[in-house]
Amino acid sequence: MKTVRYIKEIRDILSSYREEGKTIGLVPTMGALHDGHLSLIHQCMANDSITVVSIFINPTQFNDEKDFRMYPRNTEKDLELLKKNECHIVFLPPEKEMYPTKEIRKFDFGSLDKHMEGEFRPGHFNGVAQIVTKLFSIIEPDHAYFGEKDFQQLTIIKAIVRQLNLPVQIISCPIIREPDGLAMSSRNPLLTASERISATKIPEALFKIKELTDKMGINELKEFLWNEIDLDPNLRTEYVEIVEETGLNPVNNWDEPGSKRACIAVKVGSIRLIDNIKIS
Ligand code: AMP
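Presented here is a report on the structure given in the accompanying data block. Note that the structure is a prediction, hence the values are computed from the model and not measured.

Description of the sheet that holds strand β2 (residues 24–29)
Okay, so step 1: Here six strands make up an open sheet; going across it, the order is β1-β4-β3-β2-β5-β6 and the pairing parallel. Each edge of the open sheet carries a strand with a single partner, namely β1 (2–4) and β6 (169–173). Neighbour-to-neighbour, the strand axes of the sheet open up by a mean angle of 25°, direction not taken into account.
Okay, so step 2: In the sheet, β1 pairs with strand β4 (residues 89–91) via three bridges, with the strands oriented parallel. Note that in β4 the partner of Val-4 across the bridge is Phe-91.
Okay, so step 3: Where helix α8 (residues 151–163) meets the sheet, it contacts β5 (143–147) and β6, and its direction lies at approximately 170° from that of β6.

Right, dumping it as structure tokens:
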């Protein structure tokens, strides 16, 4: 496994692989790796000749300075795990390498960032787009792998690729959960023992939705789930939304056309967790 910190070096390495006819897959991460990340990496290794995992905690996508400071950093452990999983290249750039000058690019995502994460984390997706487009231009991957765990992010990245005609195919990967249903997240280890127990109510609420679609209207259902979660003193719901999957606009009626997905954000103590489930 090669650990590379500088853009020129990774470009040189990848161009020689490309000349040999090898395909390149990219798995962008912010580190503190868990089995969710590993599932993306394994899918990449199965599809592409060369797997590049980037680890970069991107400051421009944090709308909250404290969240950025508190974000878990475990580089040594991550590198060990990646080596054990036979990843080919880890790209671990310093901040100055990714942002040599102050980043000012602004993106327009239309309706895609008007609700949910886009509403509650202003500027978040602009920062995501800044770093992901930089990674795409440095690595020039054939495929890039993203998790459905961050469904709005995945949808926005697919939209950027179309908007900018980028020569990369986005591969979406399913959500990996703990045995009790909690979606794996780098933030989970920040929970206290009692918050960790409370957090299982998030997937429990999401899994109930499918049973309740025949019994309740959408607004009634959202209110029901919101109240059920917030009964736990460790939990405070930020949003529960049922959206149409392509435009990510909230749906008010089960009869509206299109595939639907339920998305949720909950503060568990001071830690903010998100999750989602496909409904139809
Ligand atoms: P992050 O390091 O949190 O920025 O995540 C890096 C990538 O891993 C993103 O594409 C996430 O959607 C994906 N990811 C994070 N957690 C999970 C999970 N539990 N299951 C599947 N993919 C995940």
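Still more to cover.
Re the site of the ligand
Okay, so step 1: For the ligand, the set of nearby residues contains 16 residues, the closest of which are His-37, Gly-147, Asp-150, Ile-176 and Met-184.
Okay, so step 2: The side chain of Asp-150 places a nitrogen or oxygen atom 2.6 Å from an oxygen atom of the ligand.
Okay, so step 3: Here the ligand, which alone exposes 480 Å², has 93% of that area covered by the protein.
Okay, so step 4: When contributions to the shell around the ligand are tallied by element, the ones reaching two or more residues are β2, α2 (35–47) and β5.
Okay, so step 5: Of the residues forming the shell around the ligand, the biggest block, three residues, is contributed by α2.
Okay, so step 6: Looking at the shell around the ligand residue by residue, the classes come out as nine nonpolar, five polar and two charged.

Notes on the side chain of Gln-152
Okay, so step 1: Summarising the element assignment, Gln-152 is placed in helix α8.
Okay, so step 2: Classification of Gln-152 by relative accessible area gives buried; the value is 5%.
Okay, so step 3: Those residues in contact with Gln-152, other than ones at most four positions away along the chain, are Leu-112, Asp-113, His-115, Met-116, Glu-117, Gly-118, Phe-125 and Leu-248.

Conventions we followed
- Residues numbered from 1 in each chain as written.
- Predicted model: local features only at pLDDT ≥ 70, side-chain atom pairs only at ≥ 80, totals over all residues.
- Heavy atoms only, no water.
- Pairing = 2+ DSSP bridges.
- Helix = DSSP H or I, 4+ residues; strand = E, 2+ residues; numbered from the N terminus.
- Axes fitted to C-alpha atoms, helices over the stretch in contact; angles between N-to-C directions.
- Contact = heavy atoms within 4.5 Å.
- Near = heavy atom within 4 Å.
- Polar contact = N/O pair within 3.5 Å; in protein donor to acceptor, adjacent residues only side chain to side chain.
- Areas by Shrake-Rupley, 256 points an atom, 1.4 Å probe, with all protein chains shown as cover.
- Nonpolar A, V, L, I, M, F, W, Y, C, P; charged D, E, K, R; others polar.
- Buried < 20%, exposed > 50% of the residue type's maximum accessible area, 1.4 Å probe, protein only.

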